[in-house]
Amino acid sequence: MSTLKLKIDRIIRSSKVLIRSEIDTDHLEKFKEDLRRGDVFPPVQAVYDGKDYWLYDGNHRVEAELENGNTTILVDIIEGTFRDAALLSLG
């Protein structure tokens, strides 16, 4: 596993991978406020298939960063496939 700072627009947030692809607005607002206070969250998690980064954990953190005007985020990356990302999201 490696950790990289990626542009958020390079990360695919697919409802076919993410179990909770819908955003809980209360959860999101709390994350946004935490970020504005300077809190640091752990990296989100994605699978890299050689072309795409498939997010499997951290959708609310990604959305909070975007809504706070940030364009990059720390990502823990493992190599694998779309299927691997879908399976990991179940864990």
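The present account deals with the structure reproduced in this document. (Residues numbered from 1 in each chain as written. Predicted model: local features only at pLDDT ≥ 70, side-chain atom pairs only at ≥ 80, totals over all residues. Heavy atoms only, no water.)

## What about the pairing of strand β5 (residues 72–79)?
Alignment of strand β1 (residues 2–7) against β5, held across 6 bridges, turns out to be antiparallel. When the sheet's bridge partners are listed, threonine 3 is paired in β5 with aspartate 76. Strand direction decides the pairing type here: strand β3 (residues 44–48) and β5, joined by 5 bridges, are parallel. In the strand pairing of β5, tyrosine 48 is matched with glutamate 79. (Pairing = 2+ DSSP bridges. Helix = DSSP H or I, 4+ residues; strand = E, 2+ residues; numbered from the N terminus.)

## Structural notes on the pattern of salt bridges
Within this structure, the stated rule accounts for 8 salt bridges. As a salt-bridge pair, glutamate 33 and arginine 36 come within 3.3 Å of each other at their nearest N and O atoms. Remark: arginine 36 and glutamate 33 occur in helix α1 (residues 25–37); sequence separation between them is 3 residues, near one turn of the helix. What you see here is one network of salt bridges that share partners, running through Lys30, Asp34, Arg37 and Asp39. (Salt bridge = Lys/Arg side-chain N within 4 Å of Asp/Glu carboxyl O.)

## Here we look at the environment of leucine 55
The residue leucine 55 is located in strand β4 (residues 53–57) in this model. A C-alpha to C-alpha distance of 21 Å links leucine 55 and aspartate 34, two positions 21 residues apart in sequence. Residues within four places of leucine 55 in sequence aside, it is in contact with Ile11, Ile12, Arg13, Val17, Leu18, Val44, Gln45, Ala46 and Val62. (Contact = heavy atoms within 4.5 Å.)

## Re helix α2 (residues 59–67)
Burial analysis of α2 places 7 of its 9 residues in the buried class, the great majority of the element. By the burial criterion, the buried members of α2 are Asn59, His60, Arg61, Val62, Glu63, Ala64 and Glu65. Buried-residue contacts for α2 involve α1, β3, β4 and β5. Following α2 by one or two positions, glycine 69 has its phi on the positive side, about 90°. (Buried < 20%, exposed > 50% of the residue type's maximum accessible area, 1.4 Å probe, protein only.)

## A closer look at a nonpolar patch on the surface
On the surface, Ile19, Leu87 and Leu90 cluster together to form a nonpolar patch covering roughly 310 Å² of accessible area. Topologically, leucine 87 is positioned in helix α3 (residues 82–89). Using a relative accessible area of 42% as the deciding quantity, one classes leucine 87 as partly exposed. (Patch = residues over 30% accessible without salt bridge, like charges linked within 9 Å, V, L, I, M, F, W, Y side chains within 5 Å. Areas by Shrake-Rupley, 256 points an atom, 1.4 Å probe, with all protein chains shown as cover.)

## A closer look at the packing of aromatic side chains
Under the defined criterion, the tally for this structure stands at 3 aromatic pairs. For the ring pair phenylalanine 31 and phenylalanine 41, a centre distance of 4.8 Å and an interplane angle of 40° mean the geometry is tilted. Of the two residues, phenylalanine 31 is situated in helix α1 and phenylalanine 41 in the loop between α1 and β3; the sequence distance between them amounts to 10 residues. For the pair tryptophan 54 and phenylalanine 82, a centre-to-centre distance of 4.9 Å together with 80° between the ring planes defines the contact as edge-to-face. Note that tryptophan 54 is positioned in strand β4 and phenylalanine 82 in helix α3, a separation of 28 residues in sequence. (Phe/Tyr/Trp six-rings, centres within 6.5 Å; stacked < 30°, edge-to-face > 60°.)

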